[in-house]
Amino acid sequence: MPQDTDGNPQQSEETGLTEFRLTGTLQYLTWYHAVGLVWISEFILACQQMTVAGAVVTYYFTRDKNRLPLTPILSSVLRLLRYHLGTVAKGSFIITLVKVPRLVLMYLHNQLKGKENACARCLLKTCICCLWCLEKCLNYLNQNAYAATAINSTSFCTSARDAFVILVENALRVAAINAVGDFVLFLGKVLIVTSTAFAGVLLLNYQRDFAEWLLPLFIVCLFSFLVAHCFLSIFEIVVDVLFLCFAIDTKYNDGTPGKEFYMDKALMEFVESSRRLERVVERGRSRVKEAVVSEGAEMKPMAPGTSSA
């Protein structure tokens, strides 16, 4: 008799009710669907990042802005569906390979809470923290790899390598932009939630029918934070992609005829002023070195065994 897909019926001795328990290969389908759920969710997020990156890259590397497509997001989606689905699937699968073990360790930590010793608890927390840090780093690298794919139309591994090289070469700029950008995004979320809470207080104060207004106000603030996070996360992706485009533009172009910059005039003037400042600083350093060398040569001690006439 074929096995039922719902499991084998077994009568519970405690309650007397019939329960269906998965046996054999069916009991592993839970993990199969769990991994598939994580992969699909990461795949959808990667498609979002790839779509935004494609639109931003099209805007940045088009010299004549009048020739931009009327629907850059739709054009980016079509390119994604035609050329880059494999890249997105591979990047999301790498994140899944890190995220699933972290979720398993978190499940074990919750199940063994109060039963394991201090050493095992510390080891589990350390592994979870390391996997979380690795996941964040891979997420950031994948996002830049998608942008490099949108720029050069290369494979995922090649794009990830190129993006990693660009990020290493501009490590200080990356740190500064991430610090300032995260702070600005945080202020934006705080401003949105605060404004929503203030408007909610005014509206609830106007509606005298509500006896308890703290819970509705809390729900409104929670939804405002979620909406702000969704919109500002798009802004964060745009900033990261623009920085990668800027780094590639300054690496392969220098403003000379035939190698003109793709950036706008305001950013170009900023780059030129930064380069002039770097030249001035370099000249100052070279003069200081020459002065130190000349002073060392003048103060060179007299060799032993010699006497003055």
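Preceding block: the structure.
Residues numbered from 1 in each chain as written. Predicted model: local features only at pLDDT ≥ 70, side-chain atom pairs only at ≥ 80, totals over all residues. Heavy atoms only, no water.

## Describing the overall build of the protein chain
The helix and strand inventory of the protein chain stands at eight helices and two strands. In the protein chain, the order of α-helices and β-strands from amino to carboxyl end is β-β-α-α-α-α-α-α-α-α. Relative to its 309 residues, the protein chain shows a buried fraction of 26%. At a minimum sequence separation of 6, the contacts of the protein chain that also span at least 24 residues come to 61%. (Helix = DSSP H or I, 4+ residues; strand = E, 2+ residues; numbered from the N terminus. Buried < 20%, exposed > 50% of the residue type's maximum accessible area, 1.4 Å probe, protein only. Contact = heavy atoms within 4.5 Å.)

## Points about the packing of helix H4 (residues 118-152) against helix H5 (residues 156-169)
At their nearest, the axes of H4 and H5 sit 8 Å apart, and the two run at 110° to each other. Relative to H5, H4 is oriented roughly perpendicular. In this structure, H4 contributes Tyr140, Leu141, Asn142, Asn144, Ala145, Tyr146, Ala148, Thr149 and Asn152 to the contact, and H5 contributes Phe156, Ser159, Ala160, Asp162, Ala163, Phe164 and Leu167. Classifying every residue of the contact of H4 with H5 gives 10 nonpolar, five polar and one charged. (Axes fitted to C-alpha atoms, helices over the stretch in contact; angles between N-to-C directions. Parallel < 35°, antiparallel > 145°, perpendicular 65-115°, else oblique. Nonpolar A, V, L, I, M, F, W, Y, C, P; charged D, E, K, R; others polar.)

## A closer look at unusual backbone geometry
The phi angle of most residues is negative, glycine excepted, and most peptide bonds adopt the trans form. Phi at Ser153 is positive, roughly 55°, even though this residue is not glycine. Mapping Ser153 onto the fold places it in the loop between H4 and H5.

## Some details on the state of the cysteines
Within this structure, the stated rule accounts for zero disulfides. Free of any disulfide, Cys122 has its nearest neighbouring cysteine sulfur in Cys119, separated by 7.0 Å. Given a relative accessible area of 48%, Cys122 falls into the partly exposed group. Cysteine Cys130 shares no disulfide, and the gap to the nearest cysteine sulfur, in Cys129, comes to 5.8 Å. Judged by relative accessible area, Cys130 falls into the partly exposed class, the value being 49%. (Disulfide = S-S within 2.5 Å.)

## Structural notes on the side chain of Asn253
Topologically, Asn253 is positioned in the loop between helix H7 (214-252) and helix H8 (265-298). One polar contact links Asn253 to Asp249, side chain to side chain, over a distance of 2.7 Å. (Polar contact = N/O pair within 3.5 Å; in protein donor to acceptor, adjacent residues only side chain to side chain.)

## Focus: the nonpolar core
In this structure, Tyr60, Ala147, Ile166, Val241, Leu244, Cys245 and Met263 are the most contacted members of the largest nonpolar core, which totals 16 residues. Those elements that place two or more of their residues in this core are helix H1 (29-60) and H7. Of all the elements, H7 adds the most residues to this core, at seven residues. Core analysis: the second largest hydrophobic core is formed by nine residues, Ala46, Cys47, Tyr146 and Ala160 among them. (Core = buried A, V, L, I, M, F, W, Y, C linked by side-chain atoms within 4.5 Å.)

## Some remarks on a nonpolar patch on the surface
Taken together, the side chains of Leu215, Phe218, Ile219, Leu222, Phe223, Phe225 and Leu226 define a hydrophobic patch exposed on the protein surface, amounting to about 690 Å² of accessible area. Mapped onto the fold, Leu226 is located in helix H7. (Patch = residues over 30% accessible without salt bridge, like charges linked within 9 Å, V, L, I, M, F, W, Y side chains within 5 Å. Areas by Shrake-Rupley, 256 points an atom, 1.4 Å probe, with all protein chains shown as cover. Salt bridge = Lys/Arg side-chain N within 4 Å of Asp/Glu carboxyl O.)

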